[in-house]
Amino acid sequence: MTEPIITTDNLHLFYGKKEALKGIDLSFQERGITALIGPSGCGKSTYLRCLNRMNDLIDDVTITGNVMFRDQNIYAPDTDVVALRKEVGMVFQQPNPFPFSIYENVIYGLRLAGVKDKQKLDEAVERSLRQAAVWDEVKDDLQKNALELSGGQQQRVCIARVLAVSPSVLLLDEPTSALDPVSSHVIEETLLQLRYDYTIITVTHNLQQASRIADRTAFFLQGELIETNDTKKIFMAPEKQETQDYISGRFG
Ligand SMILES: Nc1ncnc2c1ncn2[C@@H]1O[C@H](COP(=O)(O)OP(=O)(O)O)[C@@H](O)[C@H]1O
Ligand SMILES: [Mg+2]
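These numbers come from a predicted model, not from an experiment.

1. With respect to helix H8 (residues 181–194)
Inference 1: With 14 residues, H8 should cover 20 Å at 1.5 Å per step; its first-to-last C-alpha distance of 20 Å lies within 8% of that length.
Inference 2: Taken together, the buried positions of H8 are occupied by Ser183, Ser184, Ile187, Glu188, Thr190, Leu191 and Leu194. Within H8, the buried residues cover an arc of 160° as seen down the axis, which keeps them to one side. Turned more than 90 degrees away from the buried face of H8, the exposed residues are Pro181, Val182 and Gln193.
Inference 3: Structurally, the start of H8 carries an N-cap: the backbone nitrogen of Val182 is 3.0 Å from a side-chain oxygen of Asp180.

Right, here's the structure in full:
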């Protein structure tokens, strides 16, 4: 085994006095897809947001324990959070393109980083949109307002926007739950291609989706990590009774 790309060690998170994560020890190897599953409210989104410090934006949050990205403790005081979020990008449940052109959406992060070279920007747009499997559908009108695209296309443009800044890790929080089945399928196929180049961590409450696309699965319950293993093992022969109960649909 090589060094994991992300490791959390005894990670606790409190919203005020409420403990939402109760000491999570979990690590992610480079590349491939890990699904975070568990009933609503078990802490999946909270955990995901810890991995690129998105919880910093919420008031009255206390975090203890360690989150390592490669050899960097991301909660260390000298962490450059903007640089971190380039390396560890996030895609949300609701597609959230900005109300301007597809082209400007994709290069948003590059513009912020001060890239001006038109050829570089053009190349990044094509590469990212191709990787997000939406290039063929939008290439003839990159000036179109991204809000005019279908929900599934918008979500792939949002994935392209993250890929444009060349991250290592892609965090996705229920990226298909606001989409129709056909668009969801296209996103799943896209992630299955991206898994060769990126470390993908995706929250889903869709167990079929986890079993279709994830190499590894982590099962959360009430702020605790119950079990993590190869996806096949989790679904065919889980070690814990709680996991068995959840995957057989007994709760949540
Ligand atoms: N911003 C917040 N402020 C206070 N409590 C929150 C906040 N976000 C989530 N919680 C609580 O933390 C727990 C975990 O929530 P969440 O991580 O959203 O779960 P999941 O994504 O698994 O549905 C829930 O009890 C939820 O109500
Ligand atoms: Mg959630």
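2. Looking at helix H5 (residues 118–131)
Inference 1: Here H5 is 14 residues long and its end C-alpha atoms lie 20 Å apart, about the 20 Å a rise of 1.5 Å per residue gives.
Inference 2: Here H5 has its buried residues at Leu121, Ala124, Val125, Ser128 and Leu129. Around the axis of H5, the buried residues are gathered within 115° of arc, so they sit on the same side. H5 presents Gln119 and Lys120 as exposed residues on the side facing more than 90 degrees away from its buried surface.
Inference 3: Contacts made by the buried residues of H5 are with helix H3 (102–106), helix H4 (108–112), helix H6 (135–138) and helix H7 (151–163).
Inference 4: Its side-chain oxygen 2.9 Å from the backbone nitrogen of Gln119, Asp117 forms the N-cap of H5.

3. Considering the pairing of strand E4 (residues 61–69)
Inference 1: Looking at chain direction, strand E1 (residues 6–15) and E4 are connected through eight bridges and run antiparallel. When the bridges of E4 are listed, Thr8 appears paired with Val67.
Inference 2: Bridge count between E4 and strand E5 (residues 72–73): two bridges; the pairing is antiparallel. Note on E5: the bridge partner recorded for Phe69 is Gln72.
Inference 3: In this antiparallel pair of consecutive strands, E4 and E5, the connection spans two residues, and Arg70 shows a positive phi of 50°.

4. Quick look at the site of ligand 1
Inference 1: Near ligand 1 there are 13 residues, and of these Gly41, Gly43, Lys44, Ser45 and Thr46 occur at the shortest range.
Inference 2: Cys42 is positioned with one of its backbone polar atoms (N or O) 3.3 Å from an oxygen atom of ligand 1.
Inference 3: At a separation of 2.5 Å, an oxygen atom of ligand 1 approaches a polar side-chain atom of Thr46.
Inference 4: When ligand 1 sits alone it has 560 Å² of accessible area, and the protein chains cover 64% of it.

5. Concerning the nonpolar core
Inference 1: Counting 43 residues, the largest nonpolar core has Ile102, Leu129, Leu142, Ile159, Leu191, Leu194 and Ile200 as its most contacted members.
Inference 2: With five residues, H7 is the largest single contributor of residues to this core.
Inference 3: When sequence neighbours within four positions are dropped, the list of residues in contact with Leu129 reads Ile102, Val106, Val134, Trp135, Val138, Leu142, Val157 and Ala160.

6. Regarding the UniProt feature "domain: ABC transporter" (unreviewed entry) in the chain
Inference 1: The feature "domain: ABC transporter" (unreviewed entry), as given by UniProt, occupies residues 6–247 in the numbering adopted here.
Inference 2: End C-alpha to end C-alpha, residues 6–247 measures 26 Å, and it is 37% helix and 27% strand.

7. Considering the sheet that holds strand E2 (residues 18–28)
Two pairing modes exist for strands in a sheet, parallel and antiparallel, and in both the strands are linked by backbone hydrogen bonds.
Inference 1: Read across the open sheet, the four strands follow the order E2-E1-E4-E5; overall the sheet is antiparallel. Both edges of this open sheet fall to E2 and E5, since each of them pairs with a single strand only.
Inference 2: In this sheet, E2 lies alongside E1 in antiparallel orientation, the contact comprising eight bridges. Bridging across to E2, Phe14 finds its partner in Glu19.

8. Some remarks on the sheet that holds strand E7 (residues 169–173)
Inference 1: Read from one edge of the open sheet, six strands run E6-E7-E8-E3-E9-E10, paired in mixed fashion. A strand with exactly one partner marks an edge of an open sheet, and here the two such strands are strand E6 (88–91) and strand E10 (224–230). Averaged over all pairs of adjacent strands, the angle between their axes in this sheet comes to 20°, without regard to strand direction.
Inference 2: Relative to strand E9 (residues 216–221), strand E3 (residues 32–37) runs parallel, the two sharing four bridges.

9. Side note on a nonpolar patch on the surface
Inference 1: On the surface, a nonpolar cluster with roughly 300 Å² of combined accessible area is contributed by Phe100, Tyr108 and Leu112.
Inference 2: Tracing the backbone through its elements, the reader meets Phe100 in the loop between E6 and H3.
Inference 3: Since its relative accessible area comes to 32%, Phe100 is described here as partly exposed.

10. Observations regarding the pattern of salt bridges
Inference 1: Applying the stated criterion across every chain yields a total of eleven salt bridges.
Inference 2: Notably, a salt bridge pairs Glu30 with Arg70, separated by 3.4 Å at the nearest N-O pair. With a gap of 40 residues between them, Glu30 in the loop between E2 and E3 and Arg70 in the loop between E4 and E5 connect regions that are remote in the sequence.
Inference 3: We classify Arg70 as partly exposed; its relative accessible area is 40%.
Inference 4: Across the pair Asp56 and Arg53 runs a salt bridge whose closest N-O atoms are separated by 2.8 Å.
Inference 5: By relative accessible area, Arg53 is classed as buried at 13%.

About the cut-offs
Residue numbers here run from 1 along each chain, matching the order of that chain's written sequence. Each chain is given a letter, starting from A, and each ligand a number, starting from 1, according to the order in which they appear as written. Where local features are concerned, this predicted model is filtered to residues with pLDDT of at least 70; where side-chain atom pairs are given and counted, the filter is 80 or more; whole-chain, interface and lining totals use all residues. Calculated side-chain values reflect all of the structure's heavy atoms, with hydrogen atoms and water omitted. A run of H or I in DSSP counts as a helix once it spans at least four residues, and a run of E counts as a strand once it spans at least two, with each numbered from the N terminus. A helix's residues, less one, multiplied by 1.5 Å, set its expected span. Note on exposure labels: buried denotes an accessible area under 20% of the residue type's maximum, exposed denotes more than 50%, and partly exposed covers the range between, all computed with a 1.4 Å probe on protein chains only. Taken from the helix axis, the directions to the C-beta atoms give the arc we talk about. For this analysis, a polar contact is any N or O atom pair within 3.5 Å, provided that within protein one partner can donate a hydrogen and the other can accept it, and provided that sequence-adjacent residues contribute only side-chain to side-chain pairs. When checking whether two residues touch, look at their non-hydrogen atoms; a contact exists if any pair is within 4.5 Å. In this description, strands pair whenever DSSP reports at least two bridges between them. One heavy atom suffices: a residue is near a molecule or strand as soon as one of its heavy atoms comes within 4 Å of it. Here the Shrake-Rupley method, with its probe set to 1.4 Å, supplies the accessible areas, and only the displayed protein chains count as covering residues. Grouping buried Ala, Val, Leu, Ile, Met, Phe, Trp, Tyr and Cys residues that are joined through side-chain atoms within 4.5 Å yields what is termed a nonpolar core. UniProt positions are given in the numbering used here, feature names are shortened, and annotations may be inferred rather than shown by experiment. A fitted line through C-alpha atoms represents every axis, and for helices the fit uses only the stretch in contact; the resulting angles, taken between N-to-C directions, go from 0 to 180 degrees. Without a salt bridge and with relative accessible area above 30%, a residue can belong to a patch; like charges are then joined within 9 Å and nonpolar side chains (Val, Leu, Ile, Met, Phe, Trp, Tyr) within 5 Å. The salt bridge definition used is simple: a Lys or Arg side-chain nitrogen within 4 Å of an Asp or Glu carboxyl oxygen.

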